[in-house]
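Notes for the structure review
Here is what each chain is made of, one letter per residue.
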Amino acid sequence: MNRIKQLAINEEGFVFDPLTGDSFTVNQTGLFILQKLKEGKETEQIVKELTEEFEVSQEEAERDLIDFVEKLRSYRLL
Amino acid sequence: MELKIAVSGINAVDNPGPGIGVAKSLTEAEDFSAQIIGLAYDAMEPGIYMDWIIKKSFIMPYPSGGHDAFINRLIYIKDNYGLDFVMSVLDAELPVLIKYADELEKNGIKTFLPTYQQFKLRAKDRLEEIAQSIGIDIPKSAVVSSYDELIKAVEKIGLPVMVKGAFYKAYRAYTTQEAISYYNKIVAQWGYPIIVQQVVSGEEMNVVAVGDGEGNSLGMVGIKKMWITELGKIWTGVTIKNEKMLTAAQKFIEKYGWRGAFELECIVDTKEDRVYLIEINPRFPAWSYFSTGVGVNIAANIIRKAFDLPVKQYADYPAGKLYVRFTDDLVTDMDRFQKVITRGES
């Protein structure tokens, strides 16, 4: 179940899950990824945009994205 | 339309009754003008002194006094001050009010209550059947009245267990010895029977809703308690939209034709997508003003329904709204207190 689309995300990285009432804070990169996932973008596209937005290599962006997505899975948000 | 509405549970103390929240909700309705009458059981109930919400208060005899005491007191209020509606928010008042609702109606006092059959659904031994019929789960539980039954139940359910009174108190026991100790504690204070229940993982979420008695909802809001007091009472909460829990509340209204306000107390395990029904309260919870604060004034809708005014359709509410309770204090003259003590009314 993809619950990302239901999340309320503010510009400062405060994230509220209306299903569970849980709230999280994410850093700038996390916020960027969440917004892209919410827009329904695929992994490859997000990696590309991460390398454009931040000064990171493709490998580093991929690794960070996989880590973050796993974390979202552990919270059952993906 | 001007209405004199009596509200009980105005004991706004550390374990607050629901009355003040309900009274505030009623006074905020724009399509009728509610003048609130407080029904108190003690001259110290803070609502008596909160004259910006409650214009006049009366000391009530305990509902266990039955018809002669309780109902006659309401009729006295009607005759001497005026009374159009009784909004009961306390469990203990419901049986007598349900029983004599017709007599009150004949005397020009309306109520909007569940039937006696519906009221009995709140009994803990009915929860399993209700949970099943509205598509949610219930923790394994057993009703016990002796050490022997208690020990057997603990063995069957497996530690840890919740040890609960029929209406009040609940403790988590990690050992059989602890379970026995809590059993004794609850029996000494509240009597038999005792309920032994499986501990389920998840978070406490609640729904406040009102049914119109014809299978329709007159408003519904789901919340999660974020911070509770030592007595387990909400201090901070947030509105949530757990569809499974809200659907269960909707089904409860449809299936049982529930009339009046109620609260479903649930434990929600979002990882396993399970909702466990813990308790049904046949009345407003103490936090019901939260619902009004997010635009769903269900207390006002009860009045609209009872007086054939157009009910408001509250289809939705925002998730992520925060509820914060706070303490306050006031200073007043002794006059009001003396008046309440000597005359039984403010």
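First things first, this report covers the structure right here in the doc. All of these numbers come straight from a predicted model, not from anything done at the bench.

Glancing now at the overall build of chain B. When its secondary structure is counted, chain B shows twelve helices and 14 strands. The globule rule puts the C-alpha radius of gyration for 346 residues at 20 Å, and the 20 Å found for chain B is close to it. The principal-axis extents of the C-alpha atoms in chain B amount to approximately 60 × 45 × 40 Å. The buried share of chain B, reckoned over its 346 residues, is 52%. Counting contacts in chain B only where the partners sit at least 6 residues apart, residues at least 24 apart contribute 65% of the total. Counting only carbon and sulfur atoms, one obtains 49% of the accessible surface of chain B, whose full area is about 15,900 Å². On chain B, the mean spot of the 39 positive side-chain charges and the mean spot of the 44 negative ones are 1 Å from each other.

Further remarks concern the sheet that holds strand β5 (residues 141-144) of chain B. Backbone-to-backbone hydrogen bonds pair the strands of a sheet. The strands run either parallel or antiparallel. Residue and element names in this part refer to chain B. Across the sheet, which stays open at both edges, the four strands sit in the order β5-β8-β6-β7 with antiparallel pairing between neighbours. The sheet is open, and its two borders are formed by β5 and β7 (170-173), each paired with just one other strand. In this sheet, adjacent strand axes meet at a mean angle of 25° when their direction is disregarded. Where strand β6 (residues 161-165) lies against strand β8 (residues 194-198), five bridges are found, and the strand directions are antiparallel.

All names here are of chain B. Taken together, the six strands give an open sheet; going across it, the order is β13-β12-β9-β10-β11-β14, and neighbouring strands pair in antiparallel fashion. Each edge of the sheet is formed by a strand with only one pairing partner; in this case those strands are β13 (274-281) and β14 (322-324). Each strand axis lies, on average, 30° off the axis of its neighbour in the sheet, ignoring direction. Pairing geometry for strand β9 (residues 203-212) and strand β12 (residues 259-269), over ten bridges, is antiparallel. Across the sheet, the residue bridging to Asn206 is Glu265, located in β12.

Okay, the nonpolar core next. Residue and element names in this part refer to chain B. Among the nonpolar cores identified, the biggest contains 75 residues, and Ile5, Leu26, Met87 and Phe284 are the most heavily contacted of them. Top contributing element to this core by residue count: helix α9 (residues 243-256), with seven residues. Three or more residues apiece are contributed to this core by two domains, here domain 1 (2-112 + 329-343) and domain 2 (119-124 + 201-324). Not counting chain neighbours up to four residues away, the residues in contact with Phe284 comprise Pro18, Val22, Met87, Val89, Val208, Ala261, Ile298, Ala299 and Ile302.

Right, let's get into the interface of chain B and chain A. With 13 residues of chain B in contact, the opposing surface of chain A contributes eight residues. Summed over both partners, the interface of chain B with chain A comes to about 800 Å²; 56% of that surface belongs to carbon and sulfur atoms. Taken together, the connections running from chain B to chain A amount to one salt bridge. Inspection of the region where chain B meets chain A yields four residue pairs in polar contact (both at pLDDT 80 or more). Put simply, the parts of the chain that give the side of chain B that touches chain A at least two residues each are β9 and β11 (234-240) of chain B. Broken down by element, the side of chain B that touches chain A gets its largest block of residues, three residues, from β11(B). Here the side of chain B that touches chain A is built from residues that sort into four nonpolar, four polar and five charged.

Our next topic: a negative patch on the surface. A cluster of acidic side chains, namely Glu42(A), Glu44(A), Glu59(A) and Glu62(A), defines a negative patch on the protein surface. Note that Glu62(A) resides in helix α3 (residues 58-74).

Residue and element names in this part refer to chain B. Its place among the elements puts Ser8 in the loop between β1 (2-7) and α1 (19-27). In this structure the side chain of Ser8 is engaged in a polar contact, spanning 3.2 Å, whose partner is the backbone nitrogen of Val89. Side-chain polar atoms of Ser8 contact the side chain of Glu93, separated by 2.8 Å. Not counting residues within four places of it along the chain, the set of residues in contact with Ser8 comprises Gly19, Leu39, Met87, Ser88, Val89, Leu90 and Glu93.

Residue and element names in this part refer to chain B. Two strands pair when backbone bridges link them, and β9 and strand β10 (residues 217-228) are joined in this way by six bridges, in the antiparallel orientation. The partner of Gly211 across the bridge, within β10, is Ser217. Counted between consecutive antiparallel strands, the loop separating β9 from β10 contains four residues, among which Gly213 sits at a positive phi close to 85°. As judged from the six bridges shared by β10 and β11, these two strands associate in the antiparallel manner. Considered in β11, the bridge of Lys225 is made with Gly237. If you look at the hairpin formed by β10 and β11, you'll find five residues sitting between the two strands, and Gly232 has a positive phi there, around 85°.

Turning our attention to the pairing of β6(B). All names here are of chain B. A large share of β6 lies buried, amounting to five of its five residues. Pairing between β6 and β7: four bridges, direction antiparallel. Pairing of Val163 across the sheet is with Tyr171, part of β7. Connecting β6 to the next strand, β7, in antiparallel fashion are four residues, including Lys169 with a positive phi near 75°.

Attention shifts here to the pattern of salt bridges. Within the structure shown, the criterion is met by 19 salt bridges over all chains. Between Asp91(B) and Arg283(B) there is a salt bridge whose closest N-O contact spans 2.3 Å. In this pair, Asp91(B) sits in the loop between β4 (85-87) and α3 (94-99) while Arg283(B) sits in the loop between β13 and α10 (289-293), placing the two residues 192 residues apart along the sequence. The same class applies to Asp91(B) and to Arg283(B), which are both buried. The network of salt bridges with shared partners includes Lys36(A), Glu39(A), Lys41(A) and Glu49(A).

Reading the values: rules and limits
Residues numbered from 1 in each chain as written. Chains lettered and ligands numbered in written order. Predicted model: local features only at pLDDT ≥ 70, side-chain atom pairs only at ≥ 80, totals over all residues. Heavy atoms only, no water. Helix = DSSP H or I, 4+ residues; strand = E, 2+ residues; numbered from the N terminus. Rg over C-alpha atoms; globule rule 2.2 N^0.38 Å. Buried < 20%, exposed > 50% of the residue type's maximum accessible area, 1.4 Å probe, protein only. Contact = heavy atoms within 4.5 Å. Areas by Shrake-Rupley, 256 points an atom, 1.4 Å probe, with all protein chains shown as cover. Lys, Arg positive; Asp, Glu negative; His and termini not counted. Charge placed at Lys NZ, Arg CZ, Asp CG, Glu CD. Pairing = 2+ DSSP bridges. Axes fitted to C-alpha atoms, helices over the stretch in contact; angles between N-to-C directions. Core = buried A, V, L, I, M, F, W, Y, C linked by side-chain atoms within 4.5 Å. Domains from an automatic or database assignment. Buried area = accessible area lost by both parts, 1.4 Å probe. Salt bridge = Lys/Arg side-chain N within 4 Å of Asp/Glu carboxyl O. Polar contact = N/O pair within 3.5 Å; in protein donor to acceptor, adjacent residues only side chain to side chain. Nonpolar A, V, L, I, M, F, W, Y, C, P; charged D, E, K, R; others polar. Patch = residues over 30% accessible without salt bridge, like charges linked within 9 Å, V, L, I, M, F, W, Y side chains within 5 Å.

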